[in-house]
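# Residue-level structural notes
Listed here are the chains, written in short residue letters.
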Amino acid sequence: MRFPLLSLLLLAATALAAWSSEDLEIFHLQQDLVREYGPSATFYTFFELEDGEKSTFKQIARQFRKLSQKYHPDKAKRGVSKKKANKRFERLNLINNILKTDKRKRYDYFLDKGFPKYSTAGWIYAKFKPGIVFTIIFLSVLISVAHFVILKIQAGQNRKRIASLIADVKAFAQQQVAGNEMALGEQRKVKHEGLQKTFLVRIDGVFLCDDENENLLERVDPAAIKDPTWRDFLFVRWFAAAWNKVLGGVYKIDLSVKEEKQYEKDNLAAGEEKKKTKKKPTGEKKVLPNGKVIYSKKKN
């Protein structure tokens, strides 16, 4: 399973945007107050609460009733548009819903620690403005970790598939001889119709026959699928590629792991081949009394 790069970037953006819907509502309301009344404006000053954060719920409720009459659209002052009056009254209700519930604790937290600023990247704290270099490095590391996890999952799934394949091939081999157990040294060839591959089943394992030479065998083993290492991190590979392009002439970073396939000959085929290439005996032929034939070496 492979995720496109765009999905990983969206995942990274989601991780950065950790604000809840309640937080965003607070930010927008606070921003509107600051724009209209100045940087010192807060929910408490808007409600005209002299005790500020120490105001009780009873005081908040009393001020809400008072301001509801003051800011009601039907009682808007001359010169104030109906749209502006409706917006102000709506803001009053939204702020009241925050101050009279547990959302107030969240607002007080931002009031104490500071509100984030809005930019094209979303709501971020002005104290921390990630530069382009930091952003690129952070996203590269994040994507690399996600890619590494995917590779690790794939390796585990591939090992399971190979183990299942071995079990299927062995089952086919058993069916060929009516379920009889394999004897020591016995081997059976099985044609896997789904993969269109030939396998050799022996007591010591299952082997894949080479397409060009069926007598050349490659062991089928789940352990051959290795877990990814630090070399497989995308961040490491990107760094190595950049290094080799710039400083490859001085020192080249080689992340490749050379793994040669280990083949072995089919036992029976190897025996037949040995018979074909067996040298003819030389020397004087002698027949012993017991019937055994020997050849004496020629003397120089």
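Above this note sits the structure.
What comes next is a walk through the structure. Predicted model only: the values in this text are computed from it and were never measured.

## Considering the overall build of the chain
Helix and strand counts for the chain come out as nine helices and nine strands. When each of the 300 residues of the chain is scored for burial, the buried share is 26%. Restricting the contact set of the chain to residue pairs at least 6 apart, pairs at least 24 apart contribute 51%. Accessible surface computed for the chain: about 22100 Å², of which carbon and sulfur atoms make up 57%.

## Section: unusual backbone geometry
In this model, E48 sits at a positive phi of 60°, which is unusual for a non-glycine residue. Relative to the helices and strands, E48 is located in the loop between α3 (43-46) and α4 (57-70). Phi at Q196 takes a positive value of approximately 55°, unusual for a residue other than glycine. With respect to the secondary-structure elements, Q196 resides in the loop between β3 (187-192) and β4 (197-202).

## Quick notes on the nonpolar core
Core analysis: the biggest nonpolar cluster contains 21 residues, and F43, F46, F47, L92, I95 and L99 have the highest contact counts within it. When near neighbours in sequence (up to four residues on either side) are disregarded, F46 contacts L33, Y37, L67, Y71, R88, R91, L92 and I95.

## Considerations on the packing of helix α2 (residues 21-37) against helix α6 (residues 103-113)
When two helices pack together, you describe them by how their axes are tilted relative to each other and by the distance separating the axes. Following both chains from N to C, one finds α2 and α6 inclined at 55°, their axes separated by 10 Å at the closest point. It follows from the interaxial angle that α2 and α6 lie oblique. Seen from above, α2 lies across α6 with right-handed handedness. Contacts between α2 and α6 pair E22, D23, E25, I26, F27 and Q30 from the former with K103, R106, Y107 and F110 from the latter. Here the residues of the contact of α2 with α6 sort into four nonpolar, one polar and five charged.

## Topic: the environment of A242
With respect to the element layout, A242 can be found in helix α8 (residues 234-247). The exposure class assigned to A242 is partly exposed, which follows from its relative accessible area of 44%. Separated by eleven residues in the primary sequence, A242 and I253 have C-alpha atoms spaced 10.0 Å apart.

Reading guide: rules and limits
- Within each chain, residue numbers correspond to sequence positions counted from 1 in written order.
- Totals for whole chains, interfaces and linings use every residue, but because this is a predicted model, local features are given only for residues with pLDDT of at least 70 and side-chain atom pairs only at 80 or more, for both listing and counting.
- Water and hydrogen atoms were dropped before computing side-chain values, which therefore reflect all heavy atoms in the structure.
- A run of DSSP states H or I qualifies as a helix once it reaches four residues; a run of E qualifies as a strand once it reaches two. Both are numbered from the N-terminal end.
- Classification of residues uses two cut-offs on accessible area relative to the type maximum, computed with a 1.4 Å probe and protein chains only: under 20% is buried, over 50% is exposed, and between them is partly exposed.
- Any two residues having at least one pair of non-hydrogen atoms within 4.5 Å are treated as being in contact.
- Using the Shrake-Rupley algorithm and a 1.4 Å probe, accessible areas are obtained, with residue cover drawn only from the displayed protein chains.
- In this description, a nonpolar core means a group of buried Ala, Val, Leu, Ile, Met, Phe, Trp, Tyr and Cys residues linked to one another through side-chain atoms lying within 4.5 Å.
- Note on geometry: axes are lines fitted to C-alpha atoms, helical ones only across the stretch in contact, with angles between N-to-C directions running from 0 to 180 degrees.
- Here roughly perpendicular refers to angles of 65 to 115 degrees, roughly parallel to angles under 35, roughly antiparallel to angles over 145, and oblique to all remaining angles.
- By the definition used in this description, the sense in which the near helix is turned from the far one sets the handedness, with an anticlockwise turn below a right angle giving left-handed and a clockwise turn giving right-handed.
- Throughout this entry, Asp, Glu, Lys and Arg are counted as charged residues, while Ala, Val, Leu, Ile, Met, Phe, Trp, Tyr, Cys and Pro are counted as nonpolar. The remaining residues, Gly among them, count as polar.

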